[in-house]
Amino acid sequence: MKVPSAAQVDRDHLPAVQGQIAFARRLAGEQAPEIVVPSSAEPMVSYNVTVREARSIASELSLEREGFALIQKKVSATSERDPEVLRDRYLQEMVPFIRDYFNASWVVPKRDAVVIRSMGESSAPSVAQQSSGLVRPYPAGFAHIDYAPIAGPVMAAREDQLQEIPIRTYSRLMIIQTWHALSEPPQDFPLAFCDGSSVVDTDLVESVFSGYGIRHKTWLVHYSPLHRWYYFPEMTSDEFALFKGYDSEDAYNPRSPHAAFDNRRAYPNAKPRKSVEARFFVYYE
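Here's what I pulled together on the structure shown here. (Residues numbered from 1 in each chain as written. Predicted model: local features only at pLDDT ≥ 70, side-chain atom pairs only at ≥ 80, totals over all residues. Heavy atoms only, no water.)

**What to know about the packing of aromatic side chains**
Condition: We call Phe, Tyr and Trp rings a pair once their centres come within 6.5 Å, taking the six-membered ring for Trp, and we label the pair stacked below 30 degrees between planes, edge-to-face above 60, and tilted otherwise. Labels follow the DSSP assignment, with helices taken as runs of H or I lasting at least four residues and strands as runs of E lasting at least two, numbered in each case from the N terminus. Note on classification: 1.4 Å probe, protein chains only; a residue is buried when its accessible area is under 20% of the maximum for its type, exposed when over 50%, partly exposed between these limits.
For the coordinates displayed, the defined rule picks out 15 aromatic pairs. Ring centres of Trp106 and Tyr283 lie 4.9 Å apart, and the angle between their planes is 15°; on these two criteria the pair is classed as stacked. Taken as a pair, Trp106 in strand β5 (residues 106-109) and Tyr283 in strand β16 (residues 274-284) lie far apart in primary sequence, 177 residues in all. The exposure classification of Trp106 matches that of Tyr283, with both residues buried. Taken together through their ring pairs, the aromatic side chains of Phe68, Phe193, Tyr230, Phe232 and Phe243 make up a single cluster.

The following block contains the structure:
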């Protein structure tokens, strides 16, 4: 959706920070520290990764090439404090935006995939919020792609069934994801994105996500020194990251992993992150 500028920025020389990200073990003898990651039963290893600042190249980024973009848009729902009200209002605002942005035929939000990450919150989430996965007290600090290709159509059909939406034929299906920072910048655990053009198929390993009443195929990621990681520092609630989780048009599916990382090396006094993320099924007739 973005047109590269005439004079592109030299990305190798962008300002960068160092962050620890967990990866699926590639080899039995891989020389990297083992790490336990919440919500993942797979063996993980930790690597120190260079994460470049992407604000200066935001106009060059494409969901079809890198797999992620930065969007400037005020969303009034982000000021809502009640998690369930926030979820409902957020979806009400974002569905028409996603439909218009992609010029899609229709959009269905995945209601049970709205997640509010709230680290260091003084009031604990309710039992219902915890059991549904709506409020989670930890970031997803491991490299992953939420849906393996086989899971995209299956999860889309499941959502239609849950919302009692008649299944329609379509020519193309995408899963589009959003990530909004709700806490003031800088974030202690911002979200990093891997340039999809730096990822090859052998970097990906199929796994199974099982939790909150859901079970589906997902992708974990092996570490590669060829990966190019980026983030948008000091995000505000008037902007959000947009990224692609799946595309039935494989030529436009960039395989872009993402992960949170601890950025307190660069910002020692950063406040605990609070954020909201969501996923949308985007259809074309």
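There is more to say after this.
**Topic: helix α1 (residues 83-102)**
To keep things clear, this is the line we draw: How far a helix is expected to stretch is found by multiplying one less than its residue total by 1.5 Å. Across the chain, bend at a residue is computed as the angle between axes fitted to the seven residues ending at that point and the seven starting from it. Distance and chemistry together define a polar contact, namely a pair of N or O atoms within 3.5 Å, with one atom able to donate a hydrogen and the other to accept it when in protein, and with adjacent residues in sequence counting only for side-chain atoms on both sides.
In a regular helix each residue adds 1.5 Å, so 20 residues correspond to 28 Å; α1 covers 27 Å between its end C-alpha atoms and thus fits that length. At Met94, α1 shows its maximal bend, which comes to roughly 25°, and the proline Pro96 appears one to four places after that position. All of the buried residues along α1 are Pro83, Leu86, Arg87, Tyr90, Leu91, Met94, Val95, Phe97, Ile98 and Phe102. N-capping of α1 is provided by Asp82, with a side-chain oxygen placed 3.1 Å from the backbone N of Glu84. The positive-phi residue at the C-terminal boundary of α1 is Asn103, with phi of around 50°.

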